[in-house]
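Chain by chain, the residues:
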Amino acid sequence: MRVLIVEDEKRLAETLKDMLEMDGYTADTRYDGESGLDEALSGIYDVCILDVMLPKIDGFTVLKRLREAKSGLPVLLLTARSEVSDRVRGLDSGADYYLTKPFEPKELLACVRALTRRQPELRETGVIEYGDLTLEKSGFALRCGERSLRLSKKEYDLMELLMLNRELVLTKENILLKIWGYESGDENSVEVYISFLRRKLSHLRSAVRIRTIRMAGYRLEKAAES
Ligand code: CA
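Quick caveat: nothing in here was measured; it's all calculated off a predicted structure.

**Q** Mind showing me how you'd approach the coordination of the calcium ion here?
**A** Ideal values differ by geometry: the angle at a metal is 109.5 degrees with four tetrahedral donors, but 90 or 180 degrees with six octahedral donors. All of the protein donors around the calcium ion are D8 (OD), D51 (OD) and M53 (O); their distances to the metal are 2.1 to 2.3 Å. Each donor residue of the calcium ion lies on the same chain, and together they follow the pattern D-x42-D-x1-M.

Here it is, written out as structure tokens:
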């Protein structure tokens, strides 16, 4: 797995590179948006860690150009700013996940692992597995051992998002944008659908839980690990 780090704070970029290499990844660094974009478009990377504030071309624009070029490269956006508008802008311009600086190295590694795993798994098989659960794109079926049930389209979309981002905190805002889009829906819809899914998980007697993280959002996890 090859990771591209586009970050102009060289010490941080090198730290990230060392951390990823210790974890078994190959990592390259670029220190500005222009060369970062060129590299990202090369097609040799599995994930890109992209800073927002960059010389030459900023991270939002790099991301926008990547998506305009039809690149599906998973992008983890790093932002020093935590304002809602920036996060919305990041997700809206095609980021897969964002972290606000400063972040825990463990959290970054968990994100990179999630992003490198999700693409091939779903695209090649249409099936995602986590813990005792299997989610199938065809028929929107959620299975646990012998038991299975059918999800509505929205429930499926939400469950897919949770399973692809397993063990990561998803904010209500992030969920809202990815499932309901910019304009429609409100945070109440997210709560309602989370409760639908919780009921279904309990009906399936799954050991997987959607945990509420206070003031942050939701995290899909295996009960035994919590
Ligand atoms: Ca920067």
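Structure's up, so let's keep going.
**Q** I keep staring at the nonpolar core and nothing clicks. Help me out?
**A** When a protein is soluble and globular, its nonpolar side chains tend to lie buried together. Judged by nonpolar contacts, the single largest core of 51 residues is most densely connected at I49, L108 and M159. Per-element accounting of this core gives the leading share, 7 residues, to helix α6 (residues 153-164). Residue assignment places this core across two domains, with domain 1 (2-116) and domain 2 (127-225) each supplying three or more. Look past the residues within four positions of I49 in its chain and what remains in contact with it is V3, L4, I5, V6, L16, L20, L76, L78, L108 and V112. Among the nonpolar cores identified, the runner-up in size contains 21 residues, and L54, V62, L66 and L73 belong to it.

**Q** Can you walk me through the packing of α6 against helix α8 (residues 187-203) in this structure?
**A** To characterise two packed helices, one gives the angle between the axes of the helices and the distance between these axes. Relative to each other, α6 and α8 sit at 80°, their axes nearing to 10 Å. In terms of their interaxial angle, α6 and α8 are classed as roughly perpendicular. Where α6 abuts α8, its residues K154, E155, L158, M159 and L162 lie against Y193, I194, F196, L197, K200 and L201. Each residue belonging to the contact of α6 with α8 can be placed in one class, and the counts come to 8 nonpolar, no polar and 3 charged.

**Q** How do you make sense of the state of the cysteines when you look at a structure like this?
**A** Each disulfide consists of a covalent bond between the sulfur atoms of two cysteine residues. Per the stated rule, a full pass over the model turns up 0 disulfides. C111 provides the cysteine sulfur closest to C48, a residue in no disulfide bond, and the two sulfurs are 13 Å apart. According to the relative accessible area criterion, C48 is buried, its value standing at 1%. Taking relative accessible area as the criterion, C111 reaches 0% and is therefore assigned buried.

**Q** Explain the pairing of strand β4 (residues 75-79) to me, please; I cannot follow it from the model alone.
**A** Within a regular strand, the side chains alternate between the two sheet faces. Most of β4 sits inside the fold, with 5 of its 5 residues counted as buried. By the alternation rule, side chains of β4 split into V75, L77 and T79 and L76 and L78, which are all buried. In this structure, strand β3 (residues 47-51) lies alongside β4, joined through 4 bridges in parallel fashion. Its bridge partner being in β4, C48 is matched across the sheet by V75. The parallel pair β3 and β4, bridged by helix α3 (residues 59-68), forms a crossover whose chirality is right-handed. Where β4 and strand β5 (residues 97-100) come together, 4 bridges link them in parallel fashion. Bridged to L78 within β5 is L99.

Quick notes on the rules
- Residues numbered from 1 in each chain as written.
- Predicted model: local features only at pLDDT ≥ 70, side-chain atom pairs only at ≥ 80, totals over all residues.
- Heavy atoms only, no water.
- Donors = N, O, S within 2.8 Å, 3.2 Å for Na, K, Ca; no water.
- Core = buried A, V, L, I, M, F, W, Y, C linked by side-chain atoms within 4.5 Å.
- Buried < 20%, exposed > 50% of the residue type's maximum accessible area, 1.4 Å probe, protein only.
- Helix = DSSP H or I, 4+ residues; strand = E, 2+ residues; numbered from the N terminus.
- Domains from an automatic or database assignment.
- Contact = heavy atoms within 4.5 Å.
- Axes fitted to C-alpha atoms, helices over the stretch in contact; angles between N-to-C directions.
- Parallel < 35°, antiparallel > 145°, perpendicular 65-115°, else oblique.
- Nonpolar A, V, L, I, M, F, W, Y, C, P; charged D, E, K, R; others polar.
- Disulfide = S-S within 2.5 Å.
- Pairing = 2+ DSSP bridges.
- Right-handed = clockwise from strand over helix to strand, strands pointing away.

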